[in-house]
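# Understanding the architecture of this molecule
What follows is the residue order along each chain.
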Amino acid sequence: MRPSHALGRHLALAGFMGAGKSSLGREVAERLGRVFVDLDHEVESRAGRSIAELFDEQGEAAFRALEEQAAADTLRGAEPVVVALGGGAVLPESIRRQLARGAFTVVLDVEPEDAWHRTSGSDRPLARDEAAFQTLYRTRAPLYDEVADARADDLEELLLAAAGAHVEVGSVDDLGSLVPGDGAVALVADGHVSGIHGVRAQLALGGRDLEQHEIPAGEAAKTPAVLERLWTELRLGRDGTLVALGGGATTDVAGFAAATHMRGVPWVAVPTTLVGQVDAGIGGKTAIDLPGAKNAVGAFHWPARVVCDPGLLETLPDEQRANGLAEVVKTGLLAGAPVWERSEPEQVRFCASFKAGVCLADPHDRGTRNQLNLGHTFAHALEVAAGYTLPHGRAVALGLLAALRLSGLDEQVRVLQEVLAPEPVAVDPDTAWAALGRDKKAERGSPRLVLLDAPGKPRWGVELPEADVRRALEELIA
Ligand SMILES: NC(=O)c1ccc[n+]([C@@H]2O[C@H](COP(=O)([O-])OP(=O)(O)OC[C@H]3O[C@@H](n4cnc5c(N)ncnc54)[C@H](O)[C@@H]3O)[C@@H](O)[C@H]2O)c1
Ligand SMILES: [Zn+2]
């Protein structure tokens, strides 16, 4: 079966010359914190001369031999890298086999006319004659089709593809082809979501051996009892796939069931809330709650696919949408882009792609993923002090406000107040303060915060004078 994401595998970029493999490759490698190998440069450094010189002095065959060797060496490396393959690197069958074995290959699409405009006049030996160039384009297309695990045409799409995520209105109707393989499927949803969107999912999965499981709606699903019921009732073998259709609560518990049923089966997240599509469905964290301890038990279990269909959000109640918007604003601040000004499907695409990049860079939450807690240390403290009666979005809006104030970003404070209009909450300040000190990111009782040096420039693990943090917290309390 083809790989469905690049976690733990090389990310190989293939496609015709002029598709942007080198520039996108460099950018995506930086986002994923991976080494970038530009195969053409690798060949040049091995040959000690430029590709044009190599072609002119020794001919194409000599270049191809060096290219095949460099590609093979790169793909044999154990540490996953991003590699931009030269346009013809997929010609040898040995390389296509190695790609299938050790890489997730994304083909970057480019129209032949655009490719010609971008490359003619350069010193590329194969972009000197337009007719020959067009013929080459047509003869190579089937090879790209053969190696493509996914296709993309910009950085956002590339990050989504690398994470196995697919964002498209109407994509729920393609579930049949988006759920990898052709084995049995266990569909897990709450009764409400199943009533609204379940039939479309079932129809799309038609032809698969299908079992269905209903769980409670919302946080009530994230309990040991619900998990035990899933463990007992799941019939799925190891060649099957669990599909979680619903909000973050559903994907959290169903993902954990997938992580543990028969010691782990693949799963597909189909998030149906804005929170789910921009946050909970992406990144492979799954969990249930224990009494008084949210997300206390869980597993990292990367979904084989995430299918985000923004069309499913049409039925979402306003309060749920507001919860999602707070995460959208958080993402926009982390990325340094006013993404909240875009349409909802574009918000989903941007935020899912951003989170995909951060989580692929740090799948086990040991470093850069910390930034996703922006505003959340304060938010959790307020939620605890309010006995979890406070909507998460409202808590996050307040938490972001505190983080921006402590970051000294007055302009962003103003924008936040305009977009999310956070209202102070009536909770006991001492209870909230105690909860802040108990936060799992706290060391020795004083909280470690995520702040912004500027929009798009997060810094985590920041320790501030206690008095400043306490004042910022109290400003959130009515
Ligand atoms: N794993 C992660 O990385 C991660 C990240 C963020 C949040 N979470 C978790 O996600 C959970 C919150 O998820 P949520 O905000 O999606 O809410 P939710 O899963 O609790 O669902 C909220 C409600 O919305 C309803 N609903 C879902 N989709 C709908 C639709 N399309 N139309 C109408 N109603 C719909 C559900 O039936 C439910 O009643 C929390 O438990 C949180 O811990 C996990
Ligand atoms: Zn959140």
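Attention in this report is confined to the structure presented alongside it. (Residues numbered from 1 in each chain as written. Chains lettered and ligands numbered in written order. Predicted model: local features only at pLDDT ≥ 70, side-chain atom pairs only at ≥ 80, totals over all residues. Heavy atoms only, no water.)

### Quick look at the sheet that holds strand β7 (residues 185-190)
Condition: Strand pairing follows a simple DSSP-based rule, namely that at least 2 bridges must link the two strands. Helix and strand labels come from DSSP, where a helix needs a run of H or I of at least four residues and a strand needs a run of E of at least two; each type is numbered from the N terminus. Axis definition: a line fitted to C-alpha atoms, over the contacting stretch in the case of helices. Angles run 0 to 180 degrees between N-to-C directions. By definition in these notes, contact holds between two residues if any of their heavy atoms fall within 4.5 Å.
Strand order in the open sheet formed by six strands is β6-β13-β10-β9-β7-β8, with parallel pairing between adjacent strands. Each having just a single partner strand, β6 (165-167) and β8 (210-215) make up the two edges of the open sheet. Between one strand and the next, the sheet's axes are offset by a mean angle of 15°, whatever the strand orientation. Looking at chain direction, strand β10 (residues 267-271) and strand β13 (residues 305-308) are connected through two bridges and run parallel. By the bridge assignment, Val268 is partnered in β13 with Arg305. Running at roughly 165° to strand β9 (residues 241-246), helix α12 (residues 248-260) makes contact with β7, β8, β9 and β10 of the sheet.

### Considering the sheet that holds strand β2 (residues 36-38)
Sheets are built from strands paired through backbone hydrogen bonds, the pairs being either parallel or antiparallel. The strand order β2-β3-β1-β4-β5 describes an open sheet built from five strands, whose pairing is parallel. A strand with exactly one partner marks an edge of an open sheet, and here the two such strands are β2 and β5 (150-152). Direction aside, neighbouring strands of the sheet carry axes that sit 25° apart on average. The sheet contact formed by β2 and strand β3 (residues 82-84) spans three bridges and is parallel. In the sheet register, Val37 faces β3, and the bridge partner there is Val83. This element, helix α5 (residues 93-102), spans β1 (10-14) and β4 (103-108) of the sheet and lies at about 115° to β4.

### A word on the site of ligand 1
Where we set the bar: Working definition: residue near molecule or strand if any one of its non-hydrogen atoms lies within 4 Å of it. N or O atoms closer than or at 3.5 Å make up a polar contact, with two conditions inside protein: a donor-capable atom paired with an acceptor-capable one, and, for residues adjacent in sequence, both atoms drawn from side chains.
As a structural note, the neighbourhood of ligand 1 is formed by 27 residues, with Glu219, Gly248, Thr272, Thr273 and Thr315 the closest of them. In this structure, an oxygen atom belonging to ligand 1 sits 3.3 Å away from a side-chain N or O atom of Lys355. Per-element tally for the shell around ligand 1: the top contributor is helix α10 (residues 191-204), with four residues.

### A word on the pairing of β10
Our working rule: Three exposure classes are used, based on accessible area relative to the maximum for each residue type with a 1.4 Å probe and protein chains only: buried under 20%, partly exposed in between, and exposed over 50%.
Among the five residues of β10, five are classified as buried, and the element is accordingly described as predominantly covered. Side chains of β10 alternate between two faces, with Trp267, Ala269 and Pro271 and Val268 and Val270 buried alike. Inspection of the sheet shows β9 paired to β10 by five bridges, in the parallel sense. Considered in β10, the bridge of Val243 is made with Val268.

### Re the nonpolar core
Buried together is how nonpolar side chains tend to be arranged in soluble globular proteins. To be explicit about the condition: Throughout, nonpolar core names a set of buried Ala, Val, Leu, Ile, Met, Phe, Trp, Tyr and Cys residues whose side chains join them through atoms within 4.5 Å.
Core analysis: the largest hydrophobic core is formed by 144 residues, its most contacted members being Leu11, Val106 and Leu242. Here Leu242 is in contact with Ala186, Val188, Leu234, Leu236, Ala254, Ala257, Ala258, Pro266, Trp267 and Val268, once residues within four sequence places are set aside.

### A closer look at the packing of helix α16 (residues 376-385) against helix α17 (residues 392-407)
Test applied: In what follows, roughly perpendicular refers to angles from 65 to 115 degrees, roughly parallel to angles under 35, roughly antiparallel to angles over 145, and oblique to any angle outside these ranges. In a left-handed crossing the near helix is turned counterclockwise from the far helix by less than a right angle, and in a right-handed crossing that turn is clockwise. Residues are grouped as follows: Ala, Val, Leu, Ile, Met, Phe, Trp, Tyr, Cys and Pro are nonpolar; Asp, Glu, Lys and Arg are charged; all remaining types, including Gly, are polar.
One can describe the packing of α16 onto α17 by two numbers: an axis separation of 7 Å at closest approach and a directional angle of 135°. On the basis of the axis angle, α16 is oblique to α17. Crossing hand, α16 versus α17: right-handed. In this structure, α16 contributes His376, Phe378, Ala379, Leu382 and Glu383 to the contact, and α17 contributes His392, Ala395, Val396, Leu398, Gly399, Ala402 and Leu406. For the contact of α16 with α17, the per-class residue count stands at eight nonpolar, three polar and one charged.

### Concerning the coordination of the zinc ion (ligand 2)
For clarity, the threshold we go by: The rule for donors is simple: an N, O or S atom within 2.8 Å of the metal counts, and for Na, K and Ca the reach is 3.2 Å. Water is not among the atoms, so a site may look short of donors.
Taken together, the protein donors to the zinc ion (ligand 2) comprise Glu327 (OE), His376 (NE2) and His392 (NE2), at separations of 2.0 to 2.1 Å. Each donor residue of the zinc ion (ligand 2) belongs to the same chain, with the gaps between them written as E-x48-H-x15-H. With Glu327 in helix α14 (residues 318-335) and His392 in helix α17, this pair connects stretches of sequence that are 65 residues apart. Look at Glu327 and you get buried, because its relative accessible area is 1%. His392 sits in the partly exposed class, given a relative accessible area of 25%.

### Some thoughts on the pattern of salt bridges
Quick reminder of the rule: Each reported salt bridge corresponds to a side-chain nitrogen of Lys or Arg within 4 Å of a carboxyl oxygen of Asp or Glu.
Using the criterion set out here, one finds 33 salt bridges in the structure. Linking Arg229 and Glu233 is a salt bridge whose minimum nitrogen-to-oxygen distance equals 3.6 Å. Here Arg229 pairs with Glu233, and both are found in helix α11 (residues 224-233), just four residues apart, close to one helical turn. For Arg229, a relative accessible area of 33% puts it in the partly exposed group. Among the ionic contacts, a cluster of salt bridges with common partners joins Glu219, Lys222, Asp252, Asp289 and Lys294.

### Things to note about empty space enclosed by the protein
Selection rule: Buriedness of a pocket was judged along seven lines, with at least five required to meet protein on both sides within 12 Å; pockets are open sets of points on a 1 Å grid over the protein atoms alone, cavities are sets where a 1.4 Å probe fits but cannot get out, and lining residues have an atom within 4 Å of a point. Grid points are joined across faces, edges and corners, and a volume is the space filled by probe spheres set on the points.
Within the structure shown, the criterion is met by two cavities of 30 Å³ or more. Approximately 50 Å³ is the volume attributed to the largest cavity. Lining the largest cavity are Val278, Asp279, Glu327, Lys330, Thr331, Cys351, Phe354, Lys355 and Leu372. Tallied by class, the residues present in the lining of the largest cavity amount to four nonpolar, one polar and four charged. Approximately 30 Å³ is the volume attributed to the second largest cavity. The wall of the second largest cavity is formed by Asn373, Gly375, Thr377, Phe378, Ala403, Leu449 and Val450. Here the lining of the second largest cavity is composed, by residue class, of four nonpolar, three polar and no charged.

### Here we look at the pairing of β8
Which entries qualify depends on this criterion: Seen with its strands pointing away from the viewer, a crossover is right-handed when the path leading from the first strand over the helix to the second is clockwise.
Side chains Glu211, His213 and Ile215 of β8 all project onto a buried face; the interleaved residues Leu210, Gln212 and Glu214 project onto a face where none is buried. Bridging between β7 and β8 involves six bridges; their strand directions are parallel. Across the sheet, residue Ala186 finds its bridge partner in β8, namely Glu211. For the segment spanning β7, α10 and β8, crossover handedness is right-handed.

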